[in-house]
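# Structural overview for review
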Amino acid sequence: VDIDFKNVDLNAPINISTWGVFDGQGYTIKNVNITTGEAAGLFIASKAIKIKNLKLDDVHVTGSLVGNSTAGILASDCNGGIDNITITNSSVWGGKYTGGIVGYGYTYVTNCTLTNCVIKGGYKLGGVIGYICASNDRGHDVTGCTLTNCTVSGTDGQYADNKSQYIIGKVVGNYNCNGSCSNNMVANMTTEATSLIGKIEAGNNVTIENNVFGVSTPAQLKEAIIEGGKIELMNDITVDKW
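Quick summary incoming for the structure in this document. (Residues numbered from 1 in each chain as written. Predicted model: local features only at pLDDT ≥ 70, side-chain atom pairs only at ≥ 80, totals over all residues. Heavy atoms only, no water.)

Together, Ile225, Ile231, Leu233, Val239 and Trp242 line one region of the surface with nonpolar side chains, adding up to about 530 Å² of accessible area. Along the chain, Val239 falls in the segment after strand S30 (230-233). Residue class for Val239 comes out partly exposed when judged on its relative accessible area of 32%. (Patch = residues over 30% accessible without salt bridge, like charges linked within 9 Å, V, L, I, M, F, W, Y side chains within 5 Å. Areas by Shrake-Rupley, 256 points an atom, 1.4 Å probe, with all protein chains shown as cover. Salt bridge = Lys/Arg side-chain N within 4 Å of Asp/Glu carboxyl O. Helix = DSSP H or I, 4+ residues; strand = E, 2+ residues; numbered from the N terminus. Buried < 20%, exposed > 50% of the residue type's maximum accessible area, 1.4 Å probe, protein only.)

In structure tokens form, the structure reads like this:
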């Protein structure tokens, strides 16, 4: 069944402390606010856990800009896998590593959808995940995700962990492993990010292909043309001077 928190305020994430799978079976968790410290999100996954088939609506996460803080609407961190998560009308603020789905993870993220969400982070941040990495030369993918009418930006001039810049990607903030950022769609995004990935660490090979950009303004059209991939017009666009 759906779980309605009726706008309750939580002061800590829900801790998933065992190995295994959390399967939402298509149900929704909604109307909850989480305000906490360095690990901010609806969940914190301290073990290797796969989270799948879950919907979140009106979930708002407020984290911290102190130290190695992590923040995500679904989870502050995840070391397993994330698949088929749908998030609407939600937000996350803060974190050295911040993402719309998860802040920091040794994980893959596939087939997720974010609509009308605001993602603001203090250093490395992305629409889907802020920082993705892997161990033992493994690769992790961020594929098949859709972001529509989302904002991805820094925390209004505030920085985490004494940093002085933001590393922002429309989909991934920082890639620190091999993998694929492919078959994603970004439409009507408000962001300072000019690419799907904010930064790829040296020595890593990330495939970027078959991504789709939905554009509604001349500025969005210009960015999409520069980045490449498939472009879909969301409405008529009038350009005064090309």
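Once the structure has been displayed, the description carries forward.
Attention now moves to helix H1 (residues 218-227). Within the sequence span of H1, burial applies to Gln220, Leu221 and Ala224. Projected down its long axis, H1 carries its buried residues within an arc of 100°, all on one side. With respect to the buried face of H1, the exposed residues turned more than 90 degrees away are Ala219, Lys222 and Ile226. Considering only its buried residues, H1 is in contact with strand S29 (212-215) and S30. Phi turns positive one or two residues past the end of H1, at Gly228, with a value near 85°. (Arc of directions from axis to C-beta. Contact = heavy atoms within 4.5 Å.)

All right, on to the pairing of S30 then. Bridge count for S29 against S30 is four bridges, and the pairing is parallel. By the bridge assignment, Val215 is partnered in S30 with Leu233. In this fold, S29 hands off to H1, which returns the chain to S30; that crossover is right-handed. (Pairing = 2+ DSSP bridges. Right-handed = clockwise from strand over helix to strand, strands pointing away.)

Counting through the fold element by element, Thr28 comes out in strand S4 (residues 28-35). With relative accessibility at 14%, the residue Thr28 sits in the buried group. In this structure the C-alpha to C-alpha distance between Thr28 and Glu223, which are 195 residues apart in sequence, comes to 35 Å. Non-local contacts of Thr28, meaning those with residues more than four positions away in its chain, are made with Asp2, Ile3, Lys55 and Asp57.

With that out of the way, let us pick up the side chain of Thr155. Counting through the fold element by element, Thr155 comes out in the loop between strand S21 (151-154) and strand S22 (167-169). A distance of 2.4 Å separates a polar atom in the side chain of Thr155 from the backbone oxygen of Gln158. In contact with Thr155, other than residues within four places in its own chain, are Leu65, Trp93, Gly94, Lys120, Gly121, Gly122 and Tyr166. (Polar contact = N/O pair within 3.5 Å; in protein donor to acceptor, adjacent residues only side chain to side chain.)

Position of Lys55 among the secondary structure elements: in strand S7 (residues 49-62). When its relative accessible area of 39% is taken as the criterion, Lys55 is described as partly exposed. Taking C-alpha positions, Lys55 is 13 Å from Val32, a pair spaced 23 residues apart along the chain. In this structure Lys55 touches Gly26, Tyr27, Thr28, Ile29 and Thr86, once residues within four positions along its chain are discounted.

So, about the packing of aromatic side chains. Scanning all chains against the criterion turns up six aromatic pairs. With centroids separated by 5.1 Å and ring planes inclined at 55°, the aromatic side chains of Phe22 and Phe43 adopt a geometry described as tilted. Here Phe22, found in strand S3 (residues 20-23), pairs with Phe43, found in strand S6 (residues 43-45); they are 21 residues apart in sequence, far enough to count as distant. Residue class for Phe43 comes out buried when judged on its relative accessible area of 2%. Where Tyr104 meets Tyr131, the ring centres are 4.9 Å apart and the plane angle is 10°; that geometry is what we call stacked. On the criterion of sequence distance, the pair formed by Tyr104 in strand S13 (residues 102-105) and Tyr131 in strand S18 (residues 129-133) is long-range, its members being 27 residues apart. In this structure Tyr131 comes out as buried when scored by relative accessible area, which is 10%. (Phe/Tyr/Trp six-rings, centres within 6.5 Å; stacked < 30°, edge-to-face > 60°.)

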